[in-house]
Amino acid sequence: ILNYSFTDPVSGTLNETTSTTPGDINIPDGHRFELGVTTITYTLLNDTNGDGDFDDDKETQVCTFTITVEDNQKPQAVCTDVVIRLDNEGSATIYADQIMNQIFIDGGSEDNCGPPELTISKDGTTWTETLNFDCSEEGPNYISLRAIDGSGNERICFAFVYVEDFFQEFTL
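Here the structure is a predicted model, which is why all the values come from computation and not from measurement.

Scoring rules and cut-offs
Residues numbered from 1 in each chain as written. Predicted model: local features only at pLDDT ≥ 70, side-chain atom pairs only at ≥ 80, totals over all residues. Heavy atoms only, no water. Salt bridge = Lys/Arg side-chain N within 4 Å of Asp/Glu carboxyl O. Helix = DSSP H or I, 4+ residues; strand = E, 2+ residues; numbered from the N terminus. Pairing = 2+ DSSP bridges. Axes fitted to C-alpha atoms, helices over the stretch in contact; angles between N-to-C directions. Polar contact = N/O pair within 3.5 Å; in protein donor to acceptor, adjacent residues only side chain to side chain. Contact = heavy atoms within 4.5 Å. Phe/Tyr/Trp six-rings, centres within 6.5 Å; stacked < 30°, edge-to-face > 60°. Buried < 20%, exposed > 50% of the residue type's maximum accessible area, 1.4 Å probe, protein only. Lys NZ or Arg CZ within 6 Å of the ring centre and 35° of its normal.

Requested: an account of the pattern of salt bridges, with residues and values cited.
Following the criterion strictly, the structure yields two salt bridges and no others. Glutamate 164 serves as the salt-bridge partner of arginine 85, at 3.0 Å between the closest nitrogen and oxygen. Here arginine 85, found in strand E5 (residues 82-85), pairs with glutamate 164, found in strand E10 (residues 154-164); they are 79 residues apart in sequence, far enough to count as distant. When the shortest N-O distance is used, the salt bridge between lysine 122 and glutamate 137 registers 2.7 Å. Highlighted residues: lysine 122 in the loop between strand E7 (117-121) and strand E8 (130-134) and glutamate 137 in the loop between E8 and strand E9 (139-148), separated in sequence by 15 residues.

Which residues make up the sheet that holds E10, and what are the values?
Across the sheet, which stays open at both edges, the four strands sit in the order E5-E10-E9-E7 with mixed pairing between neighbours. Taken across any chain shown, the strands that pair with only one partner, and hence form the sheet edges, are E5 and E7. Adjacent strand axes in the sheet meet at a mean angle of 35 degrees when their direction is disregarded. In this structure, E7 lies alongside E9, joined through five bridges in antiparallel fashion. Looking at E9, one finds that leucine 118 is bridged to alanine 147.

Summarise the sheet that holds strand E3 (residues 36-45); cite the residues concerned and give the values.
The strand order across the open sheet built from four strands is E2-E1-E3-E4, with neighbouring strands paired in antiparallel fashion. The sheet is open, and its two edges are formed by strand E2 (14-16) and strand E4 (60-69), each paired on a single side. Across the sheet, the axes of successive neighbouring strands diverge by a mean angle of 15 degrees, strand direction being ignored. By the bridge criterion, three bridges tie strand E1 (residues 2-7) to E2 in an arrangement that is antiparallel. The residue of E2 that forms the bridge with threonine 7 is leucine 14.

Describe the pairing of E10, listing the residues and the values that go with them.
Inspection of the sheet shows E5 paired to E10 by four bridges, in the parallel sense. What sits directly across from arginine 85, in E10, is glutamate 164. In this sheet, E10 lies alongside E9 in antiparallel orientation, the contact comprising ten bridges. By the bridge assignment for E10, leucine 145 is matched with cysteine 157. Here E9 folds back onto E10, and the loop between the two strands holds five residues, one of which, glycine 152, carries a positive phi near 90 degrees.

Can you tell me about the side chain of threonine 17, naming the residues and giving the values?
With respect to the secondary-structure elements, threonine 17 resides in the loop between E2 and E3. One polar contact links threonine 17 to asparagine 3, side chain to side chain, over a distance of 3.0 Å. If we skip the residues at most four places from it in the chain, threonine 17 touches Leu2, Asn3, Tyr4 and Asn26.

Go over the packing of aromatic side chains with me, naming the residues and quoting the values.
In the structure shown here, the tally under the stated rule is seven aromatic pairs. With a centroid separation of 5.8 Å and 20 degrees between ring planes, the pair formed by tyrosine 4 and phenylalanine 6 is classed as stacked. Judged by relative accessible area, which is 13%, tyrosine 4 ranks as buried. For phenylalanine 6, a relative accessible area of 3% gives the class buried. One aromatic cluster in this structure is built from Tyr4, Phe6, Phe33, Tyr42 and Phe65. Positioned over the ring face of phenylalanine 133 is lysine 122, at 4.3 Å from the centre of the ring.

Keep in mind these numbers describe shape, not what the thing actually does.
This is the structure we're talking about:
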């Protein structure tokens, strides 16, 4: 009889078999291991003397090993150019990701292990979820969107934010 046990490192789910039927060989076939280190313990039960138990010397053998799952794949950062119009006070805000009916830069960024964290920057060093623009920034502005996954892998894309004056369509 071959049984196994392990605990998933993220969810804490215990996976084990406890068969006592001679001839059973249990393997975690098809199991999708979570990110991190999983320690698997195999227990081999062999009633070598035929007395119906596994308590005698060398009738129970244990083997333990680890499986390490890493996420080394960078997320996909997808940018889209946008046009924003300053309000009557001369300011406008854009967002990294879609929030309600606001203007945002993300064009469908994704990652193999779940949605990435999205931030934007004007200078490539200061990253936030929103950026503000004012009258001094009318015209095209080159910005960056950064996508970071849960393992710290990142990718950056670039977009133009075209800032228009609130009074652009008005003539005096």
